[in-house]
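The lines below spell out each chain.
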Amino acid sequence: MTNKRVVVTGASSGIGAAAVRALRKTGWDVIAVARREDRLKDLAEETGARTIACDVTDRSSVESMARQVLADGGVDAIVNNAGGAFGMDPVATGDPQDWVRMYNVNVLGALNVTQAFLPALRENGEGSILMLTSTAALAAYEGGAGYCAAKAGEEAMTQALRLEEAEHNVRVIEILPGMVKTEEFSLNRLGDAAAAEKIYAGVEKPLTADDVADVMAYALNAPHHVNLDQVVIRPVAQAAQHKVIRR
């Protein structure tokens, strides 16, 4: 059990909410951050986490959130989980606004939060940054160019950050999930429940949010000198981005 403080973004649902639960179970003081206050209220009642409403794409909102967190003391870790995918159009017909939206939340959102807390993490002496990216950063696929580009950008930022912050003893962890079945990710991307469900059709045991959250908690609870630089998590049925076993 630990007694450390962590900020988790995108905490109102899916992997973010699961990460809050997993970290609370191992004794972390968790500040759960997301836009939807109603979801945060329910999560706070369930887990005892502190919550702050914040839009990570709005720099002033992030700075206000960080001031609230740091007014109560330091911070040991941040989890940049907020993100999302929008649309499945090919490059030829993709909506540039979808690309902008994905870049803003996946890359600039993580940048805003990281910059807001980096001085405190350096001062801590054993700070950690966990970036939740995606296997989409590693291999492109048809209809996924915008999301793959955004996640590849976030991954590149993560790798540079690790090199830059090693001298400050800030640990930078990257978790890259493959196929995870959550209540909102595919629905938000496709906008249709039936189309979203087809993504998982016939796949035995896709990953759950809890599966990913367990690995996130393990990585943060490992001794600080142990860095899980890059962890790829897929279900057995997804041998690669382009090979999924459906029965």
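Rules used in this analysis
Residues numbered from 1 in each chain as written. Predicted model: local features only at pLDDT ≥ 70, side-chain atom pairs only at ≥ 80, totals over all residues. Heavy atoms only, no water. Helix = DSSP H or I, 4+ residues; strand = E, 2+ residues; numbered from the N terminus. Rg over C-alpha atoms; globule rule 2.2 N^0.38 Å. Buried < 20%, exposed > 50% of the residue type's maximum accessible area, 1.4 Å probe, protein only. Contact = heavy atoms within 4.5 Å. 1 Å grid on protein atoms, 1.4 Å probe; cavity = no way out; pocket = protein on both sides within 12 Å on 5 of 7 lines; lining within 4 Å. Points joined across faces, edges and corners; volume = space filled by probe spheres on them. Nonpolar A, V, L, I, M, F, W, Y, C, P; charged D, E, K, R; others polar. Pairing = 2+ DSSP bridges.

Enquirer: Can you break down the overall build of the protein chain residue by residue, with the values?
Expert: When you go through the protein chain residue by residue, the secondary structure sums to eight helices and nine strands. On C-alpha atoms alone, the protein chain measures out to a radius of gyration of 17 Å, which is about the 18 Å that the 2.2 N^0.38 rule sets for 247 residues. Principal axes of the C-alpha set define a box for the protein chain whose edges measure 50 × 35 × 35 Å. By residue count, 49% of the 247 residues in the protein chain fall in the buried class. For the protein chain, restricting intrachain contacts to residue pairs at least 6 apart in sequence, the fraction spanning at least 24 positions comes to 70%.

Enquirer: Can you break down empty space enclosed by the protein residue by residue, with the values?
Expert: Applying the stated criterion across every chain, the model contains three cavities of 30 Å³ or more. In terms of lining, the largest cavity is formed by 15 residues, of which the most central are F86, G87, D89, W99 and M102. Elements with a contribution of two residues or more to the lining of the largest cavity: α4 (96–124) and α5 (145–165). A breakdown of the residues in the lining of the largest cavity according to their chemical character gives six nonpolar, five polar and four charged. Estimated volume of the second largest cavity: approximately 40 Å³. Around the second largest cavity sit K4, W28, D76, A77, E126, S128, R171, L220 and H224, which together line it. Looking at side-chain class alone, the lining of the second largest cavity contains three nonpolar, two polar and four charged residues.

Enquirer: Any details on the pairing of strand β5 (residues 128–132)? Residues and values, ideally.
Expert: Burial within β5 is extensive, with five of its five residues counted as buried. Summarising the sheet, strand β4 (residues 77–80) and β5 pair through four bridges and their orientation is parallel. Within β5, the residue paired with V79 across the bridge is L130. Note that β5 and strand β6 (residues 171–177) share five bridges and pair parallel. Considered in β6, the bridge of L132 is made with I175.

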